[in-house]
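So the chains spell out like this:
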Amino acid sequence: MNKYVFIAWLSLVAFACANMLLLPRHPWMDEAMLLVNLRDLELNAVAKPLPLYEQAATLWLLLVSVVVKNIFSSDALYEVLKFFSFLAFLFAALITCLTFQSKERPYFSFVFTCLMLSSLVLVTQALTIKQYIWDTFFTSLMLYSGMRAYRLKTLKEIWKFSSIALVCSVLSFVGILTAVGIGTALLIEKLARSGWPDRPFLVAHLGAVLLPATGFLVIKIYFIDPVAELQFSAHPGAYGEHIGGVDGIESSILVLLNLLHYTFSFLVLDYIAVLGNSWLVRSVISLIPVALFTYAFRKGGEAKFVALSAALIFSAVLFLNAMGELPVPYSRHFAFFQPMSLSLLAIFLSDILERARLSTAISVAMILVAANSLILGVRPIDSAGRAQSYLRSEYNPEPDAPIWVAFPAQPAFRYADFPEERLLGMFEPSSGSTSWTVRGGGRSLNHGKPAISTRYAERMISDIAGHDVVWLVFVEHFKMKDAPFLDAAARKGWQCAPPTGPSVPVLRRTSLYLCRQDFAATE
């Protein structure tokens, strides 16, 4: 590898670490909802569904949260968990590089690191406290152990994999998919190589599948099923779409194309999918993983084993999705799959770099893509945090005015412990079979799918009635727009405008308005 490329790569990794650790961020909506639950969580409630906002978290995250609170405090929970997420991202990269780096693949670590930093899903999840980046780490750990079992082919390594797979399957919602996929691939490889194994190896290979499956089944019955039932019933719009669903063949094909696209989170593909959101574009993107799997199977060896494992995992996802048991509404739900797919892509690109005369140019291009992804992925996602800071600051021109908070911003204000007497329009957050956003009147169900209620603006007018000056806070979520609310306020004589001046922070995905009642303009 060109020494200048190597220096640039090290600089990129250092920049990534500094950016992820030092860049200030505020909890986004889902994080705030989870944090409100976690800060009061006790050890005896870990195995129960979370009481607020219909939130869910893996057993691993809940246990870590209790430990963090006991060692530090509830106030430190967000920063500590965010740091742990960064460590999960870092160790997932290191473990995967250790798995495949060799004299035959001198470029693998370079390529794979660039690919991970080019994955918007992984970079974004590395800075959140949700469980998705931990799913990535568990997959990397199982892949490392599975590859050792594939290479060494000893009983000891197979049982090591079984033990690691059991732990990962218990601590993760989706770890069982990776465990069974790799375990089955080990058995298929054994049968193809030397026929039916003798009894000790047969027991070991069956244990590699059945042991994690048994552990997961216990957790599923006592922990996951109650959580999943609550999630599926409260959020039918997000979790109701799947292959073979009620919306017909067109919807099923779109779900399938999305699942194929989710297998790879790579900056270029993600942007093409967003900018060219059409059937043709999605179909072309979906052919990329198919082509990569075909390449890996033809290449043989370790690439074939990884491709076989990934194909088995993806087949399990398709089957469970078609049965309605595993909806995958967002790309972050496929974060667990990225070590498999990015490893295959890294093997393919490593082969190209070893042969190409323009290897330095290709390497530099990959670094630039990774850096661009990093900048986009770690940019602050403002979920009312800056607005809260401004409202509490000495620069607030109306520090005593009440604050009407649109429901997407309410979890952040509740987590920030804003005085309840200053907040207007707050919904009751208890978990239920119907989403708190629907029960509160912020959204209504349209053919089973929630949308912003047409009456929510009227609800706001009722909430702020009786006051002369109020603040309005909106967060860009659930496709919520400010205009209908500002129009409704204007019709009732409210003059609303964003605060101005050098002390006003730059708000991202958040809107803040100061409204004064103009009685002369009232209808």
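Everything that follows concerns the structure shown earlier in this document.
Everything numeric here is computed off the predicted structure, so don't read it as measured data. (Residues numbered from 1 in each chain as written. Predicted model: local features only at pLDDT ≥ 70, side-chain atom pairs only at ≥ 80, totals over all residues. Heavy atoms only, no water.)

Thoughts on the nonpolar core
So, step 1. The biggest cluster of nonpolar side chains holds 136 residues, and the ones touching the most others in it are Val 111, Phe 334, Trp 404 and Phe 474.
So, step 2. In terms of residue count, helix α4 (residues 77-100) provides more of this core than any other element does, twelve residues in total.
So, step 3. Setting aside anything within four residues of it in sequence, one finds Trp 404 in contact with Leu 424, Gly 425, Tyr 456, Met 460, Asp 463, Ile 464, Trp 471, Leu 472, Val 473, Phe 474 and Phe 485. (Core = buried A, V, L, I, M, F, W, Y, C linked by side-chain atoms within 4.5 Å. Buried < 20%, exposed > 50% of the residue type's maximum accessible area, 1.4 Å probe, protein only. Helix = DSSP H or I, 4+ residues; strand = E, 2+ residues; numbered from the N terminus. Contact = heavy atoms within 4.5 Å.)

Concerning the packing of aromatic side chains
So, step 1. Evaluated as defined, the whole model comprises 30 aromatic pairs.
So, step 2. A centroid spacing of 4.8 Å and a plane angle of 75° characterise the contact between Tyr 53 and Trp 436, whose relative ring orientation is edge-to-face. One end of the pair, Tyr 53, is in the loop between α2 (29-38) and α3 (59-71); the other, Trp 436, is in helix α20 (residues 436-439), with 383 residues separating them in the sequence. Each of the two residues, Tyr 53 as well as Trp 436, counts as buried.
So, step 3. Taken together, the ring pairs connect Tyr 53, Trp 404, Phe 407, Phe 427, Trp 436, Tyr 456, Phe 474, Phe 478, Phe 485 and Tyr 513 into an aromatic cluster.
So, step 4. Lys 190 extends its terminal NZ or CZ atom over the ring of Phe 201, reaching a point 4.6 Å from the ring centre.
So, step 5. Arg 443 extends its terminal NZ or CZ atom over the ring of Phe 478, reaching a point 4.0 Å from the ring centre. (Phe/Tyr/Trp six-rings, centres within 6.5 Å; stacked < 30°, edge-to-face > 60°. Lys NZ or Arg CZ within 6 Å of the ring centre and 35° of its normal.)

A few points about the sheet that holds strand β6 (residues 494-497)
So, step 1. Spatial ordering of the open sheet is given by β2-β1-β5-β7-β6, a layout of five strands whose pairing is mixed. Single-partner strands in this sheet number two, and they are β2 (423-424) and β6.
So, step 2. As judged from the four bridges shared by β6 and strand β7 (residues 510-517), these two strands associate in the antiparallel manner. Note that in β7 the partner of Cys 496 across the bridge is Cys 515.
So, step 3. Relative to strand β1 (residues 403-405), helix α21 (residues 456-464) is tilted by about 160°, and along the sheet it contacts β1, β2, β5 (469-475) and β6.
So, step 4. Packing against the sheet, helix α22 (residues 483-491) makes contact with β1, β5, β6 and β7, and its axis sits at approximately 145° to β6. (Pairing = 2+ DSSP bridges. Axes fitted to C-alpha atoms, helices over the stretch in contact; angles between N-to-C directions.)

Brief notes about the packing of helix α8 (residues 155-171) against helix α10 (residues 199-234)
So, step 1. Two elements in contact, α8 and α10, have axes separated by 8 Å at closest approach and are oriented at 10°. Relative to α10, α8 is oriented roughly parallel. Contact with α8, carried on its side by Leu 155, Ile 158, Trp 159, Phe 161, Ser 162, Ala 165, Leu 166, Ser 169 and Val 170, involves Pro 200, Phe 201, Val 203, Ala 204, His 205, Gly 207, Ala 208, Leu 211, Pro 212, Gly 215, Phe 216 and Ile 219 of α10 and no other residues of that element. (Parallel < 35°, antiparallel > 145°, perpendicular 65-115°, else oblique.)

Looking at the state of the cysteines
So, step 1. Tallying each qualifying case throughout the model produces one disulfide.
So, step 2. Bridging Cys 496 to Cys 515, the disulfide has an S-S length of 2.1 Å. Taking the torsion about the sulfur-sulfur bond, which here is approximately 115°, the covalent link between Cys 496 and Cys 515 counts as right-handed. Placement of Cys 496 in strand β6 and of Cys 515 in strand β7 is noted, with a sequence separation of 19 residues between them.
So, step 3. As a non-bridged cysteine, Cys 114 has Cys 97 as the owner of its nearest cysteine sulfur, 10 Å distant.
So, step 4. Given the relative accessible area of 1%, Cys 114 is considered buried.
So, step 5. No disulfide involves Cys 168; its sulfur sits 18 Å from that of Cys 97, the nearest cysteine.
So, step 6. On the accessibility criterion, Cys 168 (1% relative accessible area) is buried. (Disulfide = S-S within 2.5 Å.)

Quick word on the pattern of salt bridges
So, step 1. Counted by the stated rule, this structure contains 16 salt bridges.
So, step 2. One salt bridge connects Glu 302 with Arg 105, and the closest N-O pair in it is separated by 2.9 Å. Within this pair, whereas Glu 302 is found in helix α15 (residues 301-322), its partner Arg 105 is found in the loop between α4 and α5 (108-117), the two being separated by 197 residues in sequence. As far as the burial class goes, Glu 302 and Arg 105 line up, both buried.
So, step 3. A salt bridge links Glu 428 to Arg 439; the shortest N-O distance between them is 3.9 Å. Within this pair, whereas Glu 428 is found in the loop between β2 and α20, its partner Arg 439 is found in helix α20, the two being separated by eleven residues in sequence.
So, step 4. The network of salt bridges with common partners includes Glu 54, Glu 428 and Arg 439. (Salt bridge = Lys/Arg side-chain N within 4 Å of Asp/Glu carboxyl O.)

With respect to the environment of Pro 197
So, step 1. Tracing the chain through its elements places Pro 197 in the loop between α9 (175-194) and α10.
So, step 2. Judged by relative accessible area, Pro 197 falls into the buried class, the value being 7%.
So, step 3. Each C-alpha atom, one on Pro 197 and one on Leu 187, is 9.1 Å from the other, the two residues being ten residues apart in sequence.
So, step 4. Aside from chain neighbours lying at most four places away, what touches Pro 197 is Lys 190, Leu 191 and Leu 202.

Observations regarding the environment of Trp 159
So, step 1. Note that Trp 159 resides in helix α8.
So, step 2. On a C-alpha basis, the gap between Trp 159 and Thr 124 in space is 34 Å, while along the polypeptide they are 35 residues apart.
So, step 3. Beyond its immediate sequence surroundings of up to four residues, Trp 159 is in contact with Val 203, Ala 204 and Gly 207.

A short note on the environment of Ala 179
So, step 1. Tracing the sequence through the fold places Ala 179 in helix α9.
So, step 2. Using a relative accessible area of 0% as the deciding quantity, one classes Ala 179 as buried.
So, step 3. Along the backbone, Ala 179 and Ile 221 are 42 residues apart, and their C-alpha atoms lie at a distance of 18 Å.
So, step 4. Not counting chain neighbours up to four residues away, the residues in contact with Ala 179 comprise Met 142, Phe 161, Ala 165, Ser 169, Ala 208 and Pro 212.

A few points about the pairing of β5
So, step 1. Most of β5 is tucked away, with seven of its seven residues classed as buried.
So, step 2. Covered by surrounding structure in β5 are Val 469, Trp 471, Val 473 and Val 475 together with Val 470, Leu 472 and Phe 474, the residues of both alternating faces.
So, step 3. Alignment of β1 against β5, held across three bridges, turns out to be parallel. The partner of Val 405 across the bridge, within β5, is Val 473.
So, step 4. Bridge count between β5 and β7: seven bridges; the pairing is antiparallel. Residue pairing for β7: Val 470 is matched across the bridge by Cys 515.

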